[in-house]
Each structure stands twice: as structure tokens, then as C-alpha cells.
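# Coordinate inspection notes
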Amino acid sequence: MIIEKGVLDSFARLVEDEKANSAEGKLKVGVDLGTANIVLAVVDENNEPVAGATYPSSVVKDGIVVDYMGAIRIVKNLKNQVEGLLGQELTEASCAIPPGVVSGSVKAISNVVEGAGFDVINIVDEPTAAATVLDIRDGAVVDVGGGTTGISILKDGEVIYTADEPTGGTHMSLVLAGYYNVSMEEAEKIKKDPSKEADVFPIVKPVIQKMASIVKGFLRDYDVPAVYVVGGACSFEEFTSVFEKELGIKTIKSNHPLLVTPLGIAMNCEKDA
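Only a predicted model underlies this, so the values are computations on that prediction, with no experimental measurement involved. (Residues numbered from 1 in each chain as written. Predicted model: local features only at pLDDT ≥ 70, side-chain atom pairs only at ≥ 80, totals over all residues. Heavy atoms only, no water.)

### Points about the pattern of salt bridges
Under the convention used in this document: Take a side-chain nitrogen of Lys or Arg and a carboxyl oxygen of Asp or Glu: if they are within 4 Å of each other, that pair is a salt bridge. A run of H or I in DSSP becomes a helix once it reaches four residues, and a run of E becomes a strand once it reaches two; helices and strands are each numbered from the N terminus. Throughout, exposure labels follow a simple rule: accessible area from a 1.4 Å probe, protein chains only, divided by the maximum for the residue type, with under 20% read as buried, over 50% as exposed, and the rest as partly exposed.
This model, assessed by the stated rule, comprises six salt bridges. For glutamate 92, the salt bridge identified is with lysine 26, shortest N-O distance 3.1 Å. One end of the pair, glutamate 92, is in strand 6 (residues 92-97); the other, lysine 26, is in the loop between helix 1 (5-17) and strand 1 (28-33), and 66 residues separate them in sequence. The exposure class of lysine 26 is exposed, given its relative accessible area of 54%. Between glutamate 188 and lysine 191 there is a salt bridge; the shortest N-O distance is 3.1 Å.

### A word on the side chain of threonine 251
For clarity, the cut-off: N or O atoms closer than or at 3.5 Å make up a polar contact, with two conditions inside protein: a donor-capable atom paired with an acceptor-capable one, and, for residues adjacent in sequence, both atoms drawn from side chains. Note on contacts: a residue pair qualifies if any of its non-hydrogen atoms lie within 4.5 Å across the two residues.
Its place among the elements puts threonine 251 in strand 12 (residues 251-253). At a separation of 3.1 Å, a polar atom in the side chain of threonine 251 contacts the main-chain carbonyl oxygen of isoleucine 249. Not counting residues up to four positions away in its chain, the partners in contact with threonine 251 are Val227, Val229, Thr240, Phe243 and Glu244.

### Quick look at the pairing of strand 8 (residues 139-144)
How we decide: Pairs of strands are assigned from DSSP output, requiring at least two bridges between the strands.
Counting buried residues along strand 8, six of its six residues qualify, which places the element largely inside the surrounding structure. Along strand 8, one buried face is formed by Gly139, Val141 and Asp143 and the opposite face, lined by Ala140, Val142 and Val144, is buried too. As judged from the six bridges shared by strand 8 and strand 9 (residues 149-155), these two strands associate in the antiparallel manner. Among the inter-strand pairings, valine 141 is bridged to a residue of strand 9, identified as serine 152. Between strand 8 and strand 9, which pair antiparallel one after the other, the connecting turn spans four residues.

### Concerning the pairing of strand 7 (residues 119-125)
In terms of burial, strand 7 is largely enclosed, as five of its seven residues are buried. Note: strand 6 against strand 7, six bridges, orientation parallel. Counterpart to alanine 93 in the pairing with strand 7 is valine 120.

### Structural notes on unusual backbone geometry
Within the chain, asparagine 47 stands out as a residue other than glycine whose phi angle is a positive 65 degrees. Within the element layout of this structure, asparagine 47 appears in the loop between strand 2 (37-43) and strand 3 (49-56). Asparagine 47 sits in the partly exposed class, given a relative accessible area of 23%. Here aspartate 156, not a glycine, exhibits a phi torsion of approximately 55 degrees, which is positive.

### Quick word on the packing of helix 5 (residues 169-180) against helix 6 (residues 184-192)
Rules: In this description, a line fitted to the C-alpha atoms serves as the axis of each element, helices being fitted only across the stretch in contact, and the angle between N-to-C directions of two axes falls anywhere from 0 to 180 degrees. By definition in this entry, angles of less than 35 degrees are roughly parallel, angles greater than 145 are roughly antiparallel, angles of 65 to 115 are roughly perpendicular, and the rest are oblique. Here the nonpolar group is Ala, Val, Leu, Ile, Met, Phe, Trp, Tyr, Cys and Pro; Asp, Glu, Lys and Arg are the charged ones; every other residue, Gly included, is treated as polar.
Where helix 5 contacts helix 6, the axes come no closer than 8 Å and their chain directions differ by 105 degrees. The angle between helix 5 and helix 6 places the two elements in the roughly perpendicular class. Residue-level contacts link Gly169, Thr170, Met172, Ser173, Leu174, Leu176, Ala177 and Tyr180 of helix 5 to Met184, Ala187, Glu188, Ile190 and Lys191 of helix 6. Of the residues contributing to the contact of helix 5 with helix 6, the split by class is eight nonpolar, three polar and two charged.

### Looking at the sheet that holds strand 7
The strand order across the open sheet built from five strands is 3-2-1-6-7, with neighbouring strands paired in mixed fashion. The open sheet has two free edges, formed respectively by strand 3 and strand 7, since each of these has just one partner strand. This sheet shows a mean twist of 20 degrees between the axes of neighbouring strands, independent of strand direction. In terms of strand pairing, strand 2 meets strand 3 through seven bridges, oriented antiparallel.

### A look at the state of the cysteines
Definition in use: Two cysteine sulfurs form what is called a disulfide whenever their separation falls within 2.5 Å.
For the structure on display, the rule yields zero disulfides. A disulfide-free cysteine, cysteine 95 has its sulfur positioned 9.6 Å from the sulfur of cysteine 269, the nearest such atom.

### Quick notes on helix 2 (residues 68-86)
Worth spelling out the cut-off: Multiplying 1.5 Å by the helix residue count minus one yields the expected span of that helix.
Between its terminal C-alpha atoms helix 2 stretches 27 Å, which fits the 27 Å expected from 19 residues at 1.5 Å a residue. Buried within helix 2 we find Gly70, Ala71, Ile72, Ile74, Val75, Leu78, Lys79, Val82, Glu83 and Leu86. A side-chain oxygen of the first residue of helix 2 lies 2.9 Å from the backbone nitrogen of glycine 70; this N-cap is aspartate 67. Just downstream of helix 2 lies glycine 87, where phi reads positive at about 75 degrees.

Shown next as C-alpha cells:
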């Protein structure tokens, strides 16, 4: 049912190795202004990964750009980096927003991408972008970002419901910062350290249970066969088991969950007919 594994493995290798693949036809670009990371993804006309780059950042909070010039600078640097790998200029891009953000925030995100030198030709909500990569026709995609948890419910390939709540990876870091009496920066490092996961997970588990409770409320009026979780904050090994227990619905986590949404944004880099 899910065909993304090889595609995501390929994209992850390109990002890690700072290399580019050969491409067929016109290139499509996606820019993901995440709370914890900004990711630029490039695919070809067949939606095969071509290149990508990522940068940790704090210029966006809960879908709101809080450091406009800093965001432009990061996206511009990523653009230059990937153009160097490809040996050509990238002119058009799509970007994404969490479901339910106000129009002013949508415009600010678009302005950042345009300020970095792109012509923005499409804006898609984040869980819908992820659904493109996961090739889902029926189910719910939950995008657990740094600041928000967004959901898109699909039926027969069409998005029938979207929603978003301000609970995400940042809230995990807040809990860890309080528990260990450290700064948010140090808490982020602890959270992302795989060697500390056994100690960290019980501390952040209540936050994950809260996320699952929010999603359960969103799903109350819908019958979905499965829930698919993406986003960097769902990287914990036991994340899906917490969701499954709370929801009573099969929960599936993609490989490389941080890269699913940006790749989907690139796949949606097409002008509306």
C-alpha cells in the first residue's frame, strides 16, 4: 500500500551525501519551512528525488515566521547549495503550511520563499503533501512538526478534512528542559540523541498521548482504516504504539519521517490548471 520507502531512502542519501541524481524533464522544487528544520527538496517530472538540503532553524514557530530575514537567508543558502550540486538555477518552487493557519501567515511563508529568489507556483497543506509521497487514498495523515500537529483525512484520494493544533516536538523539548533543568537548546540535543531514547521517551510520553488525544478528537466523525504519522517529532521507536493504544486504529510510521513532507511539497510543485 505504501510505496515511499525506496524513494525516501534515495532522498535521504542525497541530502546526507550532498549529491545530486540525474533527472528526467523539468525539475520541481519544494521548500518546507519547519519549526525545527528548513528543508529544500528537488524531484524530476517523474517525482524521483534529484537533490536536497536541510538546515536546523528556529525562524518559524507554529506556522508563523518569527525571523523573516533569517528565514530568507537560510532558504537562499539552501537554494545556492542545491543549485551548485545541480549546475543550474532553480526558479520555481512550492511551499507548505500547517492546516488552519491564518491568511497572513500563509502570505509570510510564501514571501520568504519568493524573497529567496523563487517564484512560488503552489501552496499545499503539510499533511496533504505527505499523503502524496505515501500514496494514500484512504486514511489519515498526521504531520507531527516542531510546533504543531496537523491532520488530513483522505477518502478515495480526496482530502475531506484538515485540522491543526499547537502541540509538537517543541512541547517535548519544553518538558525535557524542565525535567533536566537545562536550556531548550540542550533539551533539543537530548531529545534527538538515539542513545538517550530509553530515558527520554517515558518523560515525553504524556506529550505524545496528548497528541494522540487531539487526533482522536479530529477522527471522531470519520471512519479511517489507518493513521500514517510523519514529521521529525514522531521519530521515537515507540511513538506509533502510543498512538495505536489511544486511537484504536492501526498507526504506521514512514521511514525518514522528517523528509516525507518536504518531498511531497516538491511533488506538488505544479501550477493549478
